[in-house]
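Tertiary structure, described
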Amino acid sequence: FESDQKAPPLQFIPRGTVLGQVVFGDNTPATYASVTLSHYGSMIADSEGNFLFDRVFPGRFSVTARDPVTGVSKTVYDTLAATEGEKKNITVRLTSMGTVKGTVYSFDKKPAVGMKVDLSGPSFTRSTQTDREGRFQFKQVPVNVDEASSYSLSASDPGSGDYAKTEYLTLSQH
């Protein structure tokens, strides 16, 4: 069987570029963050947090970045137009991190040694013990850049059951 019908013309799908930078809330670069482009692949950002994916097909995509030091990650979504050579510049802004530290004192205003201290907030819970001077410290605590982050801080004496708690410890970036 033969036919005079011709096949429809084939046309290559245009491709573009997704590039950008991974930064913390204070705009400092997230050095060597891992960056994943959905349906495409992964790479490590450079020393300034910059990344580039070339020859990307058009359509909706997500970029997920993860800081190798803090483990903090974030995903952003966007769309690449069906225009050859289109460049989409993306900024992935990770949550900033801070430190919460303090001292626990007993009823007689002496440093409370060996107290269990708990810090909890949105998607975050951590515990530690006070040192021999009653001090405690929590590093790498997420701080929301756009609004204050609320946490609860409590201390308890495992031996006596004494307990102290503060509601609404507010952390903000400055």
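Scroll up to find the structure this text is about.
For the structure given in this document, a descriptive report is provided here. Note that the structure is a prediction, hence the values are computed from the model and not measured.

Section: the pattern of salt bridges
- Tallied over the entire structure, the rule returns four salt bridges.
- Put simply, Lys 88 and Asp 78 hold a salt bridge, and the shortest N to O gap is 3.6 Å. Taken together, the residues span a long stretch of sequence, with Lys 88 in strand β7 (residues 87-94) and Asp 78 in strand β6 (residues 73-80) at a distance of 10 residues.
- Among the ionic pairs, Arg 135 bridges to Asp 131, the shortest N-O distance being 3.0 Å.
- Arg 135 gets classed as partly exposed once you look at its relative accessible area, which sits at 41%.
- Residues participating in the shared-partner salt-bridge network are Asp 131, Glu 133 and Arg 135.

Brief notes about the packing of aromatic side chains
- Taken as a whole and judged by the stated rule, the model has three aromatic pairs.
- Ring plane angle 85 degrees and centroid distance 5.5 Å describe the contact between Tyr 40 and Phe 53, whose orientation is recorded as edge-to-face. Pair noted here: Tyr 40 is in the loop between β2 (34-37) and β3 (41-44) and Phe 53 is in strand β4 (residues 50-56), with a separation of 13 residues, a long-range link.
- Three or more aromatic residues joined by ring pairs form one cluster here, namely Tyr 40, Phe 51 and Phe 53.

Focus: the sheet that holds β4
- With mixed pairing, the three strands of this open sheet are ordered in space as β4-β1-β7. Looking at which strands have only one partner, the edges of the open sheet turn out to be β4 and β7. Here the average twist between neighbouring strands, direction ignored, is 20 degrees.
- Where strand β1 (residues 16-24) lies against β4, five bridges are found, and the strand directions are antiparallel. Pairing of Gly 20 across the sheet is with Phe 51, part of β4.

Thresholds, definitions, all that
- Residues numbered from 1 in each chain as written.
- Predicted model: local features only at pLDDT ≥ 70, side-chain atom pairs only at ≥ 80, totals over all residues.
- Heavy atoms only, no water.
- Salt bridge = Lys/Arg side-chain N within 4 Å of Asp/Glu carboxyl O.
- Helix = DSSP H or I, 4+ residues; strand = E, 2+ residues; numbered from the N terminus.
- Buried < 20%, exposed > 50% of the residue type's maximum accessible area, 1.4 Å probe, protein only.
- Phe/Tyr/Trp six-rings, centres within 6.5 Å; stacked < 30°, edge-to-face > 60°.
- Pairing = 2+ DSSP bridges.
- Axes fitted to C-alpha atoms, helices over the stretch in contact; angles between N-to-C directions.

In short, geometric facts, not functional conclusions.
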